[in-house]
Each structure stands twice: as structure tokens, then as C-alpha cells.
Amino acid sequence: MTDHSQKHDKTKYKLAASIKECMKTTPVDKITVKDIVEGCELTRQTFYRNFKDKYDLINWYFDKLVLQSFEQIGMGNTVGESLTQKFDFIRNEKAFFTEAFRSDDYNSVKEHDFELILKFYKDLIARKTSRPLDEEMEFLLEMYCRGSVYMTEKWVLGGMKDSSKKLSDTLVEAMPPKLAEVFGGLGLL
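Structure report, in brief.

This paragraph deals with the packing of helix H7 (residues 109-129) against helix H8 (residues 135-157). Where H7 contacts H8, the two axes come as close as 9 Å, and the packing angle between them is 140°. The hand of the H7/H8 crossing is right-handed. Facing Lys110, Glu111, Asp113, Phe114, Ile117, Leu118, Tyr121 and Lys122 of H7, the residues of H8 in contact are Glu138, Leu141, Glu142, Tyr144, Cys145, Arg146, Ser148, Val149 and Glu153. Of the residues contributing to the contact of H7 with H8, the split by class is eight nonpolar, one polar and eight charged.

With that out of the way, let us pick up helix H2 (residues 33-40). The set of residues buried in H2 consists of Val33, Ile36, Val37 and Cys40. Axial view of H2: buried residues confined to an arc of 90°, hence all on one face. In this structure, H2 carries Glu38 and Gly39 as exposed residues pointing more than 90 degrees from its buried face. One or two positions beyond H2, positive phi appears at Glu41, with a value near 55°.

Quick look at the packing of aromatic side chains now. Taken as a whole and assessed by the stated rule, the structure comprises eleven aromatic pairs. Centroid distance Tyr13 to Trp60: 4.9 Å. Interplanar angle 70°. Geometry classified as edge-to-face. A residue pair is termed long-range when its members are at least 10 positions apart, and Tyr13 in helix H1 (residues 3-23) and Trp60 in helix H4 (residues 54-70) qualify at 47 residues. Using a relative accessible area of 40% as the deciding quantity, one classes Tyr13 as partly exposed. Note on Phe47 and Tyr48: the rings are 5.1 Å apart at their centroids and 85° apart in plane angle, and the pair reads as edge-to-face. A residue is classified by how much of its surface remains accessible, and Phe47, at 0% relative accessible area, is buried.

A few words on the packing of helix H6 (residues 94-102) against H7. Running from N to C, H6 and H7 cross one another at 95°; their axes reach a closest spacing of 7 Å. In terms of axis orientation, H6 runs roughly perpendicular to H7. Packed against H6, whose contacting residues are Ala100, Phe101 and Arg102, the element H7 presents Val109, Lys110 and Asp113 at the interface. Each residue belonging to the contact of H6 with H7 can be placed in one class, and the counts come to three nonpolar, no polar and three charged.

Next up on the list: the side chain of Asn50. With respect to the secondary-structure elements, Asn50 resides in helix H3 (residues 44-50). Engagement of the side chain of Asn50 in a polar contact is seen with the backbone oxygen of Thr46, the distance being 2.7 Å.

Cut-offs used in this document
- Residues numbered from 1 in each chain as written.
- Predicted model: local features only at pLDDT ≥ 70, side-chain atom pairs only at ≥ 80, totals over all residues.
- Heavy atoms only, no water.
- Axes fitted to C-alpha atoms, helices over the stretch in contact; angles between N-to-C directions.
- Helix = DSSP H or I, 4+ residues; strand = E, 2+ residues; numbered from the N terminus.
- Left-handed = near helix turned anticlockwise from the far one by under 90°.
- Contact = heavy atoms within 4.5 Å.
- Nonpolar A, V, L, I, M, F, W, Y, C, P; charged D, E, K, R; others polar.
- Buried < 20%, exposed > 50% of the residue type's maximum accessible area, 1.4 Å probe, protein only.
- Arc of directions from axis to C-beta.
- Phe/Tyr/Trp six-rings, centres within 6.5 Å; stacked < 30°, edge-to-face > 60°.
- Parallel < 35°, antiparallel > 145°, perpendicular 65-115°, else oblique.
- Polar contact = N/O pair within 3.5 Å; in protein donor to acceptor, adjacent residues only side chain to side chain.

Structure below.
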């Protein structure tokens with residue numbers, strides 16, 4: 001990592017820490033960029049050099065926490081193990097994600113999570129099979145990912161009562177049989 005990118009990431013983490021602090025007292029949809037930059041003594045220009053808006057910041061932070069667990073799928077980790085890690089990350093940042101999952105903005109973490117996992121699974125399957133998904137598999141995968149995000153949101157907003165492992169196991173078990181067959185055949189379950 002270059003000095004420039006380390007400084008760049010340091011700035012992003014400062015902004016993330018500030019929005020996390022704001023989220024303790026204010027709903028995401030009511031937090032302003034002004035609130036965020038005042039909380040970390042940076043300028044609006046610095047904010048906009050790094051992010052399009054506050055949802056972009058939230059999604060960047062989500063990626064930093066979650067992508068590392070998903071990158072291990074197919075490289076030793078199963079889908080279930082990676083989901084458990086993802087839910088552990090979310091649980092460790094409970095206040096942040098509880099507030100983030102409350103937002104219904106078009107650029108919300110829910111929509112971002114859906115797009116992220118759908119693309120990740122599509123790319124993973126295409127890479128492992130050397131061909132893109134057929135229409136039926138794409139439909140099943142999209143439905144499964146949409147349902148997974150909904151159940152994640154329900155778990156987060158419901159106080160995360162089930163363990164990360166239990167939620168992960170339930171989501172893997174709920175996978176449509178034809179999709180589970182593909183995942184199983186690729187050694188991902």
C-alpha cells in the first residue's frame with residue numbers, strides 16, 4: 001500500500017468513525033455531511049473527494065468489514081463459514097449496522113449488500129464453471145440473495161437474537177435446491 005493510499009484510507013476511516021458516532025444519537029437519514037465532517041474536523045471538500053454521499057461512506061465501511069469474509073469463499077471457506085464471519089462483523093458493529101439497515105435510501109446498505117453478494121456469487125460461479133449462469137439459475141440466485149438480505153435486515157433490526165452461525169446455517173438450508181446443487185457441485189457448501 002502506498003503512502004497516498006494509506007493516507008486516503010486513514011481519512012475514510014476517520015469519516016467512518018464520525019458517522020458511527022453520529023449514528024448513536026441520530027437516524028442515518030437525518031445525518032448530514034456537515035455533521036460527519038464536524039465530528040472528525042475534516043472539510044466537506046475532503047468528504048466529497050472520498051465519497052458521493054453518506055450512503056457511499058456507509059457502503060464503503062460495510063465493504064471493508066464484509067468483503068474480507070466473502071473473498072475466502074471457494075478458497076477454503078464455504079458459503080456458510082463466510083456468512084457466519086459476515087454476521088460476526090455485523091454483530092461487532094451492532095450500533096452502526098442497526099442504524100444502517102434502518103435506511104431505505106436507494107443507495108442504502110441493504111441495496112448495496114444485495115448488489116454486492118449477487119455479483120460476488122455470479123462471478124464466483126462463472127469463474128468456477130467457466131461459463132455465465134443460465135436464466136433459471138440467475139433467477140434463483142437473485143431471489144436467494146434478495147431473501148438473504150431481507151433476513152439479515154430482520155435479524156439486525158430484531159436485535160440479533162440468533163447466533164451468527166444459526167442465521168448462516170438457516171440461510172444455507174433455505175437455498176433453493178437447484179442452486180444448492182450448483183453450489184454443492186462446486187464445493188462451496
